[in-house]
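These are the residues of each chain, in order.
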Amino acid sequence: MLQISGLNVYYGESHILRDVDLSVAAGKMVCLIGRNGVGKTTLLKTLMGLLSPRSGAISFLDQGIVSKSPDKRARMGIGYVPQGRDIIPRLTVEENLLLGLEARKSRPKKAEISDEIFELFPVLKTMLSRMGGDLSGGQQQQLAIARALMGQPQLLVLDEPTEGIQPSIILEIEAAVKRIIATKGISVLLVEQHLHFVRQADWYYAMQKGGIVASGSTDELSNEVIQRFLAV
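Before going into details, it helps to say that this report is about the structure given with it. (Residues numbered from 1 in each chain as written. Predicted model: local features only at pLDDT ≥ 70, side-chain atom pairs only at ≥ 80, totals over all residues. Heavy atoms only, no water.)

1. Structural notes on the side chain of N96
Stage number 1. Take N96: it is sitting in helix 3 (residues 93-99).
Stage number 2. The class of N96 is buried, set by a relative accessible area of 0%.
Stage number 3. Aside from chain neighbours lying at most four places away, what touches N96 is I87, I88, L91, G132, L143 and R147. (Helix = DSSP H or I, 4+ residues; strand = E, 2+ residues; numbered from the N terminus. Buried < 20%, exposed > 50% of the residue type's maximum accessible area, 1.4 Å probe, protein only. Contact = heavy atoms within 4.5 Å.)

Shown next, in the form of structure tokens:
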């Protein structure tokens, strides 16, 4: 579904991503791990068209997308939840959710929120009239993921969705992500440092100094790898 090959990205003359190769198969969850500052968020921003690579290729559904704008990538079926969530604080929960419709290939005749969204995140149904900025961090994260799902993506890209969130909400988010993979066949590319969530993935890639230095099945994710790439 997603294939990244030989990707090199610079900030000015600083070489940030170095010959990155990464792939995500249909209906699978892939986790990208690594300490802060190694290039994980840069990779996701490049995937979404927010940064331009100096060289390399990105293919989604067998179509090259390096030249495509972020909005076109979204309409092709890539949903993105950035680090920090980026919900709009002065819009209500309902208004934030309906914004997600902008990412669909074609707008529905009637703007409405699917019951499936509330099955995944029941708390949002009780908060539709509340301002996004009044929600807790965990509730905002659920809103951000739900908004991305409103666009009916085939690939969901999540940048550290558990950062600063209480453990009970983390488990709810994990369960929701696993459910959408199982029921919708959506693929997930996840940047995460919470070990329990990392182990929910099918495959991992470890980054160091802008390059992929290890990869494999999460069933084989050893304590040595965890200490090298996740432990502070």
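Text resumes after the structure shown.
2. Description of helix 1 (residues 40-47)
Stage number 1. Of all the eight residues making up helix 1, six are buried; the element is thus mostly covered by neighbouring parts of the structure.
Stage number 2. Taken residue by residue, helix 1 has K40, T42, L43, L44, T46 and L47 as its buried positions.
Stage number 3. Positive backbone phi, approximately 85°, marks G49, located one or two places after helix 1.

3. Describing the nonpolar core
Stage number 1. I33, L97, L149 and L156 are the most contacted members of the largest nonpolar core, which totals 47 residues.
Stage number 2. Aside from chain neighbours lying at most four places away, what touches L156 is G79, V81, I145, A148, L149, I180, I186, S187, V188 and L189. (Core = buried A, V, L, I, M, F, W, Y, C linked by side-chain atoms within 4.5 Å.)

4. Focus on the packing of helix 6 (residues 137-150) against helix 7 (residues 167-184)
Stage number 1. Close contact between helix 6 and helix 7 brings their axes to 10 Å; oriented N to C, the two are set at 15°. When the axes of helix 6 and helix 7 are compared, the pair comes out roughly parallel. Seen from above, helix 6 lies across helix 7 with right-handed handedness. Contacts between helix 6 and helix 7 involve G138, Q141, Q142, I145 and L149 from the former and I169, E172, I173 and I180 from the latter.
Stage number 2. Grouping the amino acids of the contact of helix 6 with helix 7 by side-chain chemistry returns five nonpolar, three polar and one charged. (Axes fitted to C-alpha atoms, helices over the stretch in contact; angles between N-to-C directions. Parallel < 35°, antiparallel > 145°, perpendicular 65-115°, else oblique. Left-handed = near helix turned anticlockwise from the far one by under 90°. Nonpolar A, V, L, I, M, F, W, Y, C, P; charged D, E, K, R; others polar.)

5. Comments concerning the environment of T126
Stage number 1. By the secondary structure assignment, T126 is in the loop between helix 5 (122-125) and helix 6.
Stage number 2. Remark: the alpha-carbon pair of T126 and V93, spanning 33 residues in sequence, is separated by 9.7 Å.
Stage number 3. Side-chain polar atoms of T126 contact the backbone oxygen of V123, separated by 2.7 Å. (Polar contact = N/O pair within 3.5 Å; in protein donor to acceptor, adjacent residues only side chain to side chain.)

6. Here's the deal with the sheet that holds strand 2 (residues 14-24)
Stage number 1. Pairing is antiparallel across the open sheet formed by four strands, whose spatial order is 2-1-4-5. At either end of the open sheet lies a strand with only one pairing partner, and these are strand 2 and strand 5 (63-64).
Stage number 2. Alignment of strand 1 (residues 2-11) against strand 4 (residues 55-60), held across five bridges, turns out to be antiparallel. Looking at strand 4, one finds that L2 is bridged to F60.
Stage number 3. Across the face of the sheet, helix 1 comes into contact with strand 1, strand 2 and strand 4 while running at roughly 115° to strand 1. (Pairing = 2+ DSSP bridges.)

7. Points about helix 7
Stage number 1. In a regular helix each residue adds 1.5 Å, so 18 residues correspond to 26 Å; helix 7 covers 26 Å between its end C-alpha atoms and thus fits that length.
Stage number 2. Within the sequence span of helix 7, burial applies to I169, I170, I173, E174, A176, V177, I180 and I181. The buried residues of helix 7 all sit within an arc of 160° when viewed along its axis, so they share a single face. For helix 7, the exposed residues set more than 90 degrees away from the buried face come down to P167, A182 and T183.
Stage number 3. Tucked into the core, helix 7 has its buried residues touching strand 3 (29-33), helix 4 (115-120), helix 6, strand 7 (155-159), strand 8 (187-191) and helix 8 (195-198).
Stage number 4. Once helix 7 finishes, G185 follows within two positions and takes phi at roughly 70°, a positive value. (Expected span 1.5 Å × (residues − 1). Arc of directions from axis to C-beta.)

8. Some details on the pattern of salt bridges
Stage number 1. Inspection of the entire model under this criterion finds four salt bridges.
Stage number 2. Residues R54 and E13 are paired through a salt bridge, measuring 3.9 Å at the closest nitrogen-oxygen approach. Pair noted here: R54 is in the loop between helix 1 and strand 4 and E13 is in the loop between strand 1 and strand 2, with a separation of 41 residues, a long-range link.
Stage number 3. When its relative accessible area of 67% is taken as the criterion, E13 is described as exposed. (Salt bridge = Lys/Arg side-chain N within 4 Å of Asp/Glu carboxyl O.)

9. Considerations on the environment of Y80
Stage number 1. As for its position among the elements, Y80 is in strand 6 (residues 78-81).
Stage number 2. Sequence separation between Y80 and D159 is 79 residues, and the spatial gap between their C-alpha atoms is 8.1 Å.
Stage number 3. Not counting residues within four places of it along the chain, the set of residues in contact with Y80 comprises L44, K45, M48, L50, A148 and V157.

Note that every value here comes from positions in space, so none of it alone points to a role or purpose.
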